[in-house]
Each structure stands twice: as C-alpha cells, then as structure tokens.
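Report on the structure
The lines below spell out each chain.
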Amino acid sequence: MTGAVALRWVWSNVWRLWFSAAILVLWWVLSADSTSTFFPPLQRILERLHALWIVGDARRELWSSLGHFAVGYTVAGLVGVGVGALLWKFRRIGDAVSPVLYFVYVIPTAALLPAIVAIMGIGSAMKITIIVLAAVWPTMLNTLDGMRGVDPLKLDTAKVLHMSALRTVRTVVVPAAMPQIMAGLRHSLQVAVIMMVVSELIASQSGIGFFILEAQQRFAITEMWTGIIVLALVGSVLTVVFIAVERVVLAWYIGARAVERKG
Amino acid sequence: MGPSSDGVERRWSPIAARLLVVAAVLAGWEYLSASGSLDASSFPSMTDTMAELARQLLSADLWTALWNTVRGWATGLAIGGSLAVLVGTLLGLNRFAYLSVIPVVEFLKTVPVIAILPLAIVVWGATLQMKVFLVAFGVFWPLTIQVIYGVRAVDPVVRDTAVVLRLRGVRRFVGVTLPSAAPFIATGLRVAAAVGLILTIIAELIGGAKGLGLSILTSVNAGPQRLPATYALILVTGVAGVVVTSAFARLERRVLHWHESQRNLAPTGA
C-alpha cells in the first residue's frame, strides 16, 4: 500500500467514528455541571477512574475476576466441545438425554445461584462453577449442530478411503464444524463474562462486581461509575481479542467466503 | 435408511428412550438422597421436592411471584423489542446513519449488560421499573443488530423491483422491507426472549424486586428446612424457561413457514 492509499483507507474508516465521538462529547458537556446524584460529571468519573484503576490498586479486583473467568471459560469451552462431540458421535444416547439436557439448559442459571452459594460457599470454586454451568451450553449446542451439519458425502468418502476415526475427525469433521463451534465459543464468552460479574454481585469479597456493588451500597456513585466503565471496557476488549483469534482460526473459511461472494 | 415397515416403532423408540432417561434421572436423584450420598442439608430428596412443588402450585404465593416475573419480562421485552425494530429499521435503511452508528451499537453489544444493573438499582430501587429497564436495555442491542442485518439483507432483485414499481413509504416497508427482515427479527426475538428471562431473574435476585428470583433467594435464606421449596421454585423457573423458548420457536415456525427455505441460510446472530 502506498502512503496515499493507506491514508484514504484510514480516512474512510475513521470518519465513521464521528458519532461515537459526538456522544462522548455530549456526555462530557451535558454532565459538566450536573448536580444529579446518579449522573456525576464525566470529567470527575474519569479522574476517579485514573486515581483508582490506573494509579490505585483497584486493579487487583480486576485480576481476581479475570482469573475466575479464565478458568471457568476454558473449562466451559473444553467440556462444551467435548460433550458436544460425544453427543454427535453417539447419536442415540444424545437423543435420549436431550430432554434432560434441554431442561438444564433453559433453567436460567441465575436461578441456581443461591443454591450453589448455599452448597459451595462464596469462594473461587463457587464462581468458577457458576461460570462453567452457564457458559458450557452455547458451545456444546453449537458443536453438536455444527458436526451434524457435516456433509454426509464427505464422511462416506472418508469411510471409503479407510481413514481412521481420529483422522476423519481432524480432517473432515472439525474443519466443517469449526465456524459454528467458534460462534458457540463467542456466545459462551459473553455469558461467561456476565456470570463472572453476577457471581461477584450476589456473594463475594472480591472482584469487579463486588467493587461496583460495594461502591453502590456506600452510595459512592462516582466510584460505581468507574467500575461500570472498566467492566464495559473489559467486555469489549475480550470480544475484540476473541474476534482476532477467530480471524486466525477461521482464516481459510473467511477467505473461501470472500471468494464465493466475489463469485 | 431402513425399511419403512417399522416406521411406527422407529418413531416411538426415541420417545420411549427419552422418557426412560428422564425417569432414570429422577429415580437416581431419589436414590442418591435416600442413600445419603447427597448431603441432606444441601439437597432435598426428589419426592420431597415434588410434594412441595404440588403444594406450591396450589398456593397463591407462587402464582404471584410467577406473575411478577412474567410481567417484568414481557414489558421489558416489548419495550426493548419495539425500540430495536424501530431504530434498527431506520439505521438499516440509511447507509450514512448505519456507518456512523454501528460502531456505538457494536461496542454496547459487547458490554456486559449486567454492568448497568447497580445503576438501575440505585435509580429505581427494588421495583418493576428497574427490572423492565434491565431487560429492555439487555435485549435492545443484540436485537437492533439483527434488525439492521435483516433490513440490509433485502434481495437486490426484490429491491430493484420495488424501485421499478415505485413502491415507497409504508407500502414498501410492509411489502418489501419487513418480510425480508422477518427471519432475522424472529431469530433475534427468540434469543432475546430467553436472555430477557435470565435478566429478569438476575434483577430479582440482586435487585430484590418481587418475582421468582426473590422467592428463591428468600427460600434459600430461610435455611435447610426450606430446601424442597427452593428446588421446587428452581424447577418452576426451568419450566418457565422451557415455555418461553418453545413458544417463541413455535411462533417463529408458524409465522415464517413461508420463509423456511431462506431461514436456514440466515445467520443466527453470532
């Protein structure tokens, strides 16, 4: 890319941000001399944010949350893909257990929260359990659906070629199901972040959810706002990271689709 | 596939297997608590739970709680849903507005909805408004994106035909835009309905608004002797989830039966 082309590319994408910028400016100006208890001036929120999260040690809460999230999400992803694949492989069993699985899936996990807290206390185990219980479903169901969608012709071809089961899974099933597995993992990510916060809101001594709730109970509304903003940023950074990983994992697929579209 | 003579058996054996698994799970639950493998102070037995469920079904408390939950969920879904269809359509029809606003919508979609709950609690307290706001807010962003995609996915041939026929305004919206966006909106609504129910329960649990979530919390706090009631309420919440999910799936199938072929091609919002 020459300099001029690059510049034009940047410009054609950057101008779209005017609306986002306008909202921020509007928020800044309208809240500048706000006396409302609930909506403090944006300037003050950002100052507190700097003092607490960048200079101060509120970051510790963030690491605690992200630790639980990382473990819970990893377990949920592995179990989701694993069980989803098993349900696909053993179709009859999968079909027989489907009503039970479906019921557990549609129970809002939040409803189980108090019971889980009563059983497991308020430590890390409880938080990770809640994240796994809620986040496992999107991945599991999408894995199952994705594998069901594999072209039977390809599976028959693999059989005719006497490919081993492992090789069939690796070269036929996984690539075909990958786009949908990734879609499931992305949905699981959002659920995991929400449950991470919920578990801290309901019973906890640490974490960003605890920080927000504690600030709210002290009626420290500005501090509560800093927590909300940090949480919002964490959610979107995680999503952006996921999309970057997805682009790498699905590079062949995205490429193929782009070719298709050009026709 | 196999010969069709055993078609009846083929259709029935999976259902029998499913029923068998459900029965086995319930029996296993009862066995584990009777044998003491399940700690009696944290898990009630299946029969106790079912007996309590029967008693609850006859009491007014359960129905009041259920009504409170359903009311918050339905109002929030209706408000968030109609706003999303309105805003999504406007954004989908105008390229400039779409390109400008989409970064904001995409960003807010990734924000964990739950972040806003403490704010809603301070502003409204443990009220219906607080619940409605959380549900409407949580449902709005993902659904708006679905609507935008749907509106923009109008088949170019259909769009050009509409231009040639000089369809404009309401007629064009009802005859061209809405039908082509309908599958996207339906998928989005189905997901939103389930998410909305979860958010309602969370708002009740954390915000303390009346409903099933609060009933579960009070019953847990009442101690071990109220355990069967806790699990009975959890079962009721699960059934509410089943009803909501299958009702929207059925509605989608019924309203969009003419669109079935295209529906399979529609991205599901991931």
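Computed from a predicted structure; not experimentally measured.

Of the regular secondary structure elements, chain A holds twelve helices and zero strands. Sequence-ordered secondary structure for chain A, helices as α and strands as β, is α-α-α-α-α-α-α-α-α-α-α-α. Relative to a compact globule of 263 residues, whose C-alpha radius of gyration would be 18 Å, chain A shows 23 Å and is clearly more extended. In terms of overall dimensions, chain A has a C-alpha envelope of 75 × 65 × 25 Å along the principal axes. When the 263 residues of chain A are sorted by exposure, 43% land in the buried category. Of the accessible surface of chain A, which amounts to about 14200 Å², a share of 69% is contributed by carbon and sulfur atoms.

All names here are of chain A. The residue Lys154 is located in helix α8 (residues 152-160) in this model. Residue classification places Lys154 among the partly exposed residues on the basis of a relative accessible area of 46%. Sequence-wise, Lys154 and Ile208 are 54 residues apart; in three dimensions their C-alpha atoms are separated by 48 Å.

So, on to the domain arrangement of chain A. Split by domain assignment, chain A resolves into domain 1 (1-29) and domain 2 (42-262). Relative placement of domain 1 of chain A and domain 2 of chain A: their C-alpha centres are 31 Å apart.

When the pLDDT values of chain A are averaged, the result is 86; 98% of them are 70 or greater. Taking the mean pLDDT of every element in chain A, the minimum, 73, falls on helix α12 (residues 251-262) of chain A and the maximum, 92, on helix α4 (residues 59-89) of chain A.

Moving on to the side chain of A:Arg186. For A:Arg186, the position within the fold is in helix α9 (residues 165-202). Discounting chain neighbours no more than four positions away, the residues touching A:Arg186 are A:Phe242, A:Ile243 and A:Glu246.

All right, on to the domain arrangement of chain B then. Under the domain assignment used here, chain B contains domain 1 (8-33) and domain 2 (59-263). Between the C-alpha centres of domain 1 of chain B and domain 2 of chain B the distance comes to 33 Å.

What follows covers the UniProt feature "transmembrane region" (unreviewed entry) in chain B. Annotation from UniProt places "transmembrane region" (unreviewed entry) at residues 12-32, 72-93, 105-126, 132-151, 189-209 and 229-249 of chain B. For residues 105-126 of chain B, the helix share is 64%, the strand share is 0%, and the end-to-end C-alpha distance is 28 Å.

With that settled, consider the side chain of B:Glu52. Residue and element names in this part refer to chain B. Structurally, the position occupied by Glu52 is in helix α2 (residues 46-58). Given the relative accessible area of 12%, Glu52 is considered buried. Ignoring sequence-local partners within four residues, the contact set of Glu52 consists of Arg226, Pro228, Ala229 and Ala232.

Residue and element names in this part refer to chain A. Where α8 contacts α9, the two axes come as close as 10 Å, and the packing angle between them is 155°. When the axis of α8 is compared with that of α9, the two are roughly antiparallel. Crossing of α8 over α9 shows right-handed handedness. Residues Lys154, Leu155 and Ala158 of α8 form the contact with α9, whose own contacting residues are Thr168, Val172 and Val173. Taken together, the residues of the contact of α8 with α9 break down into four nonpolar, one polar and one charged.

Residues and elements named next belong to chain A. This chain's UniProt record puts "transmembrane region" (unreviewed entry) on residues 66-88, 100-122, 128-144, 191-213 and 225-245. Counting secondary structure, residues 128-144 comes out at 100% helix and 0% strand; the distance between its end C-alpha atoms is 24 Å. Across residues 225-245, the secondary structure splits into 100% helix and 0% strand, with the terminal C-alpha atoms separated by 30 Å.

This part is about the interface of chain B and chain A. Taken together, the contact between chain B and chain A spans 48 residues of the former and 49 residues of the latter. Interface of chain B and chain A: buried area, both sides summed, is about 4200 Å²; carbon and sulfur atoms make up 83% of it. A per-residue breakdown of the area chain B buries against chain A is headed by B:Arg18, B:Leu119 and B:Val122, which together make up 12% of the total. Taken together, chain B and chain A are joined by one salt bridge.

Another aspect to go through is helix α3 (residues 42-55) of chain A. All names here are of chain A. The terminal C-alpha atoms of α3, which comprises 14 residues, lie 18 Å apart, in line with the 20 Å expected from a rise of 1.5 Å per residue. When we look at burial in α3, the residues that qualify are Leu42, Ile45, Leu49, Leu52 and Trp53. Residues of α3 that are buried make contact with α2 (18-31), α4, α10 (208-217) and α11 (221-249).

Looking now at the UniProt feature "domain: ABC transmembrane type-1" (unreviewed entry) in chain A. Feature annotation in UniProt places "domain: ABC transmembrane type-1" (unreviewed entry) on residues 62-246 of chain A, given in this structure's numbering. The span residues 62-246 of chain A shows a helical share of 89% and a strand share of 0%, and its end C-alpha atoms are spaced 25 Å apart.

Let's shift gears to the nonpolar core. Grouped together as the largest cluster of nonpolar side chains are 121 residues, with contacts concentrated most on A:Trp53, A:Met195, B:Ile114 and B:Leu117. For this core, the element with the highest residue contribution is α9(A), accounting for 17 residues. Residues contacting B:Leu117, with those up to four places away along its chain left out, are A:Leu201, B:Met130, B:Leu134, B:Ile202, B:Ala203 and B:Ile206.

Attention now moves to the UniProt feature "domain: ABC transmembrane type-1" (unreviewed entry) in chain B. UniProt annotation of "domain: ABC transmembrane type-1" (unreviewed entry) refers to residues 66-252 of chain B when read in the numbering used here. Between the first and last C-alpha atoms of residues 66-252 of chain B the distance is 24 Å; the span itself is 86% helix and 0% strand.

What follows is about unusual backbone geometry. Residues and elements named next belong to chain A. Even without being a glycine, His162 presents a positive backbone phi close to 55°. Inspection of the secondary structure assignment puts His162 in the loop between α8 and α9. The exposed category is assigned to His162, whose relative accessible area is 72%. One non-glycine residue, Phe219, lies in the positive phi region at around 60°. Structurally, the position occupied by Phe219 is in the loop between α10 and α11.

Basis of the calculations
- Residues numbered from 1 in each chain as written.
- Chains lettered and ligands numbered in written order.
- Predicted model: local features only at pLDDT ≥ 70, side-chain atom pairs only at ≥ 80, totals over all residues.
- Heavy atoms only, no water.
- Helix = DSSP H or I, 4+ residues; strand = E, 2+ residues; numbered from the N terminus.
- Rg over C-alpha atoms; globule rule 2.2 N^0.38 Å.
- Buried < 20%, exposed > 50% of the residue type's maximum accessible area, 1.4 Å probe, protein only.
- Areas by Shrake-Rupley, 256 points an atom, 1.4 Å probe, with all protein chains shown as cover.
- Domains from an automatic or database assignment.
- pLDDT = per-residue confidence, 0-100.
- Contact = heavy atoms within 4.5 Å.
- UniProt positions renumbered as here; feature names shortened; annotations may be inferred.
- Axes fitted to C-alpha atoms, helices over the stretch in contact; angles between N-to-C directions.
- Parallel < 35°, antiparallel > 145°, perpendicular 65-115°, else oblique.
- Left-handed = near helix turned anticlockwise from the far one by under 90°.
- Nonpolar A, V, L, I, M, F, W, Y, C, P; charged D, E, K, R; others polar.
- Buried area = accessible area lost by both parts, 1.4 Å probe.
- Salt bridge = Lys/Arg side-chain N within 4 Å of Asp/Glu carboxyl O.
- Expected span 1.5 Å × (residues − 1).
- Core = buried A, V, L, I, M, F, W, Y, C linked by side-chain atoms within 4.5 Å.

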